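# Fold and geometry: a report
Chain residues, written in single-letter form:
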Amino acid sequence: MTPQFITLNRHLGMLEGEPESRPTRLLREFAWLRSEAAGFWYPHVTAGDQVQSGQKLGTVKTLLGETLQEVTSSIRGTVLFSVSSLAMNAGDPLCAVGA
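For clarity, every value in this text was computed on a predicted model and none was experimentally measured.

## A short note on the packing of aromatic side chains
- What the rule picks out here adds up to one aromatic pair.
- The interplanar angle of 55° and the centroid separation of 5.3 Å between the aromatic rings of Trp32 and Phe81 together place this pair among those described as tilted. With a gap of 49 residues between them, Trp32 in strand β1 (residues 30-34) and Phe81 in strand β6 (residues 77-82) connect regions that are remote in the sequence.
- Under the relative-accessibility criterion, Trp32 is labelled exposed at 52%.
- Lys61 extends its terminal NZ or CZ atom over the ring of Tyr42, reaching a point 5.6 Å from the ring centre.

## Quick look at the sheet that holds β6
- Strand order across the open sheet formed by four strands is β1-β8-β6-β3, with antiparallel pairing between neighbours. For this open sheet the edge positions go to β1 and β3 (50-51), each flanked by a neighbour on one side alone.
- Of the pairings in the sheet, the one linking β1 to strand β8 (residues 93-98) comprises five bridges and is antiparallel in character. From the neighbouring strand, Ala31 faces β8, where its bridge partner is Val97.

## Concerning the pairing of β6
- Looking at chain direction, β3 and β6 are connected through two bridges and run antiparallel. Note that in β6 the partner of Gln50 across the bridge is Thr78.
- Sheet topology places β6 next to β8; four bridges connect them, and they run antiparallel. Residue pairing in the sheet places Ser82 in a bridge with Cys95 of β8.

## Some words on the pattern of salt bridges
- One pass over the full model with this rule turns up one salt bridge.
- Between Lys56 and Glu70 there is a salt bridge, with the nearest N and O atoms lying 2.9 Å from each other. Within this pair, whereas Lys56 is found in strand β4 (residues 56-61), its partner Glu70 is found in strand β5 (residues 67-72), the two being separated by 14 residues in sequence.
- For Lys56, a relative accessible area of 39% puts it in the partly exposed group.

What counts, and at which threshold
Each chain carries its own residue numbering, running from 1 in the direction its sequence is written. Whole-chain, interface and lining totals are the exception, using all residues; otherwise, since this is a predicted model, local features are given only for residues with pLDDT of at least 70 and side-chain atom pairs are given and counted only at 80 or more. Hydrogens and waters are ignored; side-chain quantities use all the structure's heavy atoms. Between 30 and 60 degrees the pair is tilted, below 30 it is stacked and above 60 it is edge-to-face, where a pair is any two Phe, Tyr or Trp rings, Trp via its six-membered ring, whose centres lie within 6.5 Å. Numbering goes from the N terminus for both helices and strands, where a helix is a DSSP run of H or I of at least four residues and a strand is a run of E of at least two. Here's how the labels work: a residue is buried when its accessible area is under 20% of the maximum for its type, exposed when over 50%, partly exposed in between, all with a 1.4 Å probe on protein chains only. Only when the NZ atom of a Lys or the CZ atom of an Arg is both within 6 Å of the ring centre and within 35 degrees of the ring normal do we say a charge sits over the ring. Paired strands, as defined in this entry, are two strands with at least two bridges between them according to DSSP. Criterion for a salt bridge: a side-chain nitrogen of Lys or Arg within 4 Å of a carboxyl oxygen of Asp or Glu.

Here is the structure:
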């Protein structure tokens, strides 16, 4: 069982003991990054990574490997998610950074 599963079950009263508390952080700024063109998404970051403004987060490429878009962060913060699907349409979300 994962620690998160145990904490949830303790919170619901299904397991004995107190649920483990974790510190929370209020995010006030978000950068949602989207694909500019249909192509294939190759992320260079994963959820939880700390990134700097201007840092490369991934690349959208054609089927033949030609770069369509270099995706960079517009803010310094934490990667909230990175899409795991390879195929992207124009306008699809790729990842998000929160600060």
